[in-house]
Amino acid sequence: MKKLLFLVLFFLFFSCSPRGHIKAIEKIEVEPFVDLILSEIIFINFPSKELSQKDYNSVLESMKMAVQQRGFQEIWDIDENEIEVIANGVNDFSLKRNIQRLNDNLGISYFLEMEILERKPFKINALVTQLQYREMTDPYAGAGLGLCSEHNLLTRYSLYQTDGAILLAQLEVSSRHLDNNSLDPKVVQKEVEALFQQILMNEY
């Protein structure tokens, strides 16, 4: 009976990987013949109010880095340019007229938005807690077993041409992030890069 229990634990329980990764591209839509003008201004927006300060900084830097690597020369973002954007009557990007105002009032040509559609935090199963306690108190207890949940996100990235509020490309991606329930900045960067890669594939 003990051997059977050990085998069940061995196959059902596993150690958690410390890093995140993209699990699957759930949805991708790209308009044909999208020709991005890299000398134009692009504005980056993300759900800042839903993020911790650590995640806020990670997302901001990761998205900016991915956009810079794509070749954009002038990048605005919700952190540095928020006051200027709000002063020009733009504060709710769920309204297409506000995306248009980025063009009309500020001369911004592209709008890149990140939305978190679903977030499942890492949780320690009660059984894992018991096993961890047993490992600490019983020198003969097996180590390294644990049923790990995963810190998973379903994220949507949308790129608009602001003139006309035209959706150029949209990507929905499920990814695993860090087990301390913070976001892995490398994963965020790879997700944005994946969006631009799909645009490149559909340029011609």
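How each quantity is defined
- Throughout this description, residue numbers start from 1 for each chain and increase along the sequence as written.
- The predicted origin of the model limits local features to residues at a pLDDT of at least 70 and limits the giving and counting of side-chain atom pairs to 80 or more, whereas totals for whole chains, interfaces and linings rest on all residues.
- Each side-chain value is worked out from all heavy atoms of the structure, with water and hydrogens disregarded.
- Strands here are runs of E lasting at least two residues and helices are runs of H or I lasting at least four, both read from the DSSP assignment and numbered beginning at the N terminus.
- Expected span of a helix, by definition, is 1.5 Å for each gap between consecutive residues, and there is one gap fewer than residues.
- Note on classification: 1.4 Å probe, protein chains only; a residue is buried when its accessible area is under 20% of the maximum for its type, exposed when over 50%, partly exposed between these limits.
- In this description, contact between two residues means that some pair of their heavy atoms is separated by no more than 4.5 Å.
- Definition of a polar contact: a pair of N or O atoms within 3.5 Å, with one able to donate and the other able to accept a hydrogen when the atoms are protein atoms, and with sequence-neighbouring residues admitted only if both atoms are side-chain atoms.
- Note: two strands are recorded as paired if DSSP finds a minimum of 2 bridges between them.
- Throughout, an axis means a line fitted to C-alpha atoms (over the contacting stretch in the case of helices), and angles, computed between N-to-C directions, take values from 0 to 180 degrees.

Engineer: Can you help me understand helix H2 (residues 53-70) in this one?
Structural biologist: In an α-helix, one turn spans 3.6 residues; hence positions three or four apart end up facing the same way. Here H2 contains 18 residues, and its C-alpha end-to-end distance of 26 Å stays within 8% of the 26 Å for a straight helix at 1.5 Å per residue. Those residues of H2 not exposed but buried are Asp 55, Tyr 56, Ser 58, Val 59, Leu 60, Ser 62, Met 63, Lys 64, Ala 66, Val 67 and Arg 70. Buried residues in H2 make contact with strand S2 (41-45), strand S3 (74-77), strand S4 (110-120) and helix H6 (185-201). With its phi angle positive at about 120°, Gly 71 sits one or two positions after the end of H2.

Engineer: How should H6 be read in this particular structure?
Structural biologist: The end-to-end C-alpha separation of H6 is 24 Å, in line with the 24 Å expected for 17 residues at 1.5 Å each. Turning to H6, its buried residues number three or more, namely Val 187, Val 188, Gln 189, Glu 191, Val 192, Ala 194, Leu 195, Phe 196 and Ile 199. Where the residues of H6 are buried, they touch strand S1 (21-30), H2, S4, strand S5 (152-161) and strand S6 (166-176). Regarding H6, its N-cap is Asp 184, as a side-chain oxygen of that residue lies 3.0 Å from the backbone nitrogen of Lys 186 further along.

Engineer: What am I meant to see in the sheet that holds S6 here?
Structural biologist: Either a parallel or an antiparallel arrangement is found when strands of a sheet pair, and the pairing is made through backbone hydrogen bonds. Strand order across the open sheet formed by 6 strands is S1-S6-S5-S4-S2-S3, with mixed pairing between neighbours. On the outer flanks of this sheet lie S1 and S3, each paired with one strand and no other. Within this sheet the neighbouring strands show an average axis-to-axis angle of 20°, counted without direction. Bridge count between S4 and S5: 10 bridges; the pairing is antiparallel. Following the sheet pairing, Leu 112 is matched in S5 by Leu 159. Against the sheet, H6 touches S1, S4, S5 and S6, its axis set at about 140° to S6.

Engineer: Would you take a moment to explain the pairing of S5 for this structure?
Structural biologist: Consecutive side chains along a regular strand alternate between the two faces of the sheet. Of all 10 residues in S5, 7 are buried; the element is thus mostly enclosed. Strand direction decides the pairing type here: S5 and S6, joined by 10 bridges, are antiparallel. In the sheet register, Ser 158 faces S6, and the bridge partner there is Gln 170. The turn linking S5 back onto S6 is made up of 4 residues, and Gly 164 within it adopts a positive phi angle of 95°.

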